[in-house]
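The chain contents come next:
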Amino acid sequence: MTKLSDTQLVILSAAAQRDDRNVLPLPGSLRGGAAKKVIGALMKRGLIAEKVTDSQTKADAALNRIWRNDEDGDAILLYITDAGLAAIGVEPEGGDSAPTGADVAPSAEDPQDAPAEADPAPKARTPRAGTKQVKLIEMLRAEGGATIDEIATALQWRPHTVRGALAGALKKKLGLTITSDKIEGRGRAYMIAED
């Protein structure tokens, strides 16, 4: 499994949850040189990539939706690659599908270029065998489920990464129903509700 920093995990997990796989917007505290350093490291490892679009929308740090503009003024987006998805234990749906110019937010001068409404439901994904995501699902299906601390210890994750995986990868992407119960002596345990 690829070793990632907490910041890199947050960025890749957020991108994996977006239908267009766009890496942006970055977390609010990540700006300037720090953002360039983290993005550069992810690009060097092939976990994210740039995509030039047809849009002339200007990169704006306040909006945080366009990474940069090329010499012709075309907007450049960042998207998570299949390797990036694999690094966080998410099974890619198909080939590297980069966002297109239609996925870029329209500029204020171009309201007629507004993107169409988003698809109402995300496509369900299947986790790859042997990944941390599969181990997480096994722990949640076990008798009594698992606490955030138990999952964090078993998977060598931080608690916020566990909560993100429960809400994003399991609920949103896989469509699983996660329930919780407060258990005496253990705290709040989470489990997958079997239909």
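Here, every reference points to the structure presented above.
Anyway, here's the lowdown on the structure attached to this text. (Residues numbered from 1 in each chain as written. Predicted model: local features only at pLDDT ≥ 70, side-chain atom pairs only at ≥ 80, totals over all residues. Heavy atoms only, no water.)

**A look at unusual backbone geometry**
- A cis geometry characterises the amide bond from L24 onward to P25, with omega recorded as 5 degrees.
- Inspection of the secondary structure assignment puts P25 in the loop between α1 (6-17) and α2 (32-44).
- Of note, the phi angle at R21 is positive, near 60 degrees, even though the residue is not glycine.
- Tracing the backbone through its elements, the reader meets R21 in the loop between α1 and α2.
- Notably, Q156 is not glycine yet its phi reads approximately 55 degrees, a positive angle.
- Relative to the elements of secondary structure, Q156 occurs in the loop between α5 (148-155) and α6 (159-173).
- A residue is classified by how much of its surface remains accessible, and Q156, at 68% relative accessible area, is exposed. (Helix = DSSP H or I, 4+ residues; strand = E, 2+ residues; numbered from the N terminus. Buried < 20%, exposed > 50% of the residue type's maximum accessible area, 1.4 Å probe, protein only.)

**A word on the sheet that holds strand β6 (residues 187-192)**
- A sheet is described by the order of its strands in space; here three strands give the open sequence β4-β6-β5, paired in antiparallel fashion. In the strand order of this sheet, the two ends are held by β4 (146-147) and β5 (178-183), each with one partner.
- With six bridges connecting them, β5 and β6 associate as antiparallel partners. In the sheet register, D181 faces β6, and the bridge partner there is A189.
- Here helix α4 (residues 132-141) sits on the sheet in contact with β4, β5 and β6, set at roughly 110 degrees to β6. (Pairing = 2+ DSSP bridges. Contact = heavy atoms within 4.5 Å. Axes fitted to C-alpha atoms, helices over the stretch in contact; angles between N-to-C directions.)

**Section: α2**
- Counted at 1.5 Å a residue, the expected span for α2 with its 13 residues is 18 Å, and the 18 Å between its end C-alpha atoms agrees.
- Looking only at α2, the buried set comprises A35, V38, I39 and L42. When α2 is viewed along its axis, its buried side chains cluster within an angular range of 95 degrees and face the same direction. Looking at α2, the residues exposed on the side facing more than 90 degrees away from the buried face are G33, K36, K37 and K44.
- As for α2, its buried residues are in contact with α1, β1 (48-52) and β3 (75-80).
- After α2 finishes, the residue G46 shows a positive phi value of roughly 75 degrees. (Expected span 1.5 Å × (residues − 1). Arc of directions from axis to C-beta.)

**Quick notes on the sheet that holds β1**
- Strand order in the open sheet formed by three strands is β1-β3-β2, with antiparallel pairing between adjacent strands. Across the chains shown, the open sheet's two edge strands, defined by having one partner strand only, are β1 and β2 (68-69).
- Pairing between β1 and β3: five bridges, direction antiparallel. Paired with E50 across the strands is L78, a residue of β3.
- Sitting on the sheet, α2 touches β1 and β3, and the angle it makes with β1 is about 100 degrees.

**A short note on the pattern of salt bridges**
- Per the stated rule, a full pass over the model turns up three salt bridges.
- Close ionic contact of E50 with R68 constitutes a salt bridge, the shortest N to O distance being 2.9 Å. Separated by 18 residues along the polypeptide, E50 in strand β1 and R68 in strand β2 bring together distant segments of the chain.
- Under the relative-accessibility criterion, E50 is labelled partly exposed at 29%.
- Using a relative accessible area of 35% as the deciding quantity, one classes R68 as partly exposed. (Salt bridge = Lys/Arg side-chain N within 4 Å of Asp/Glu carboxyl O.)

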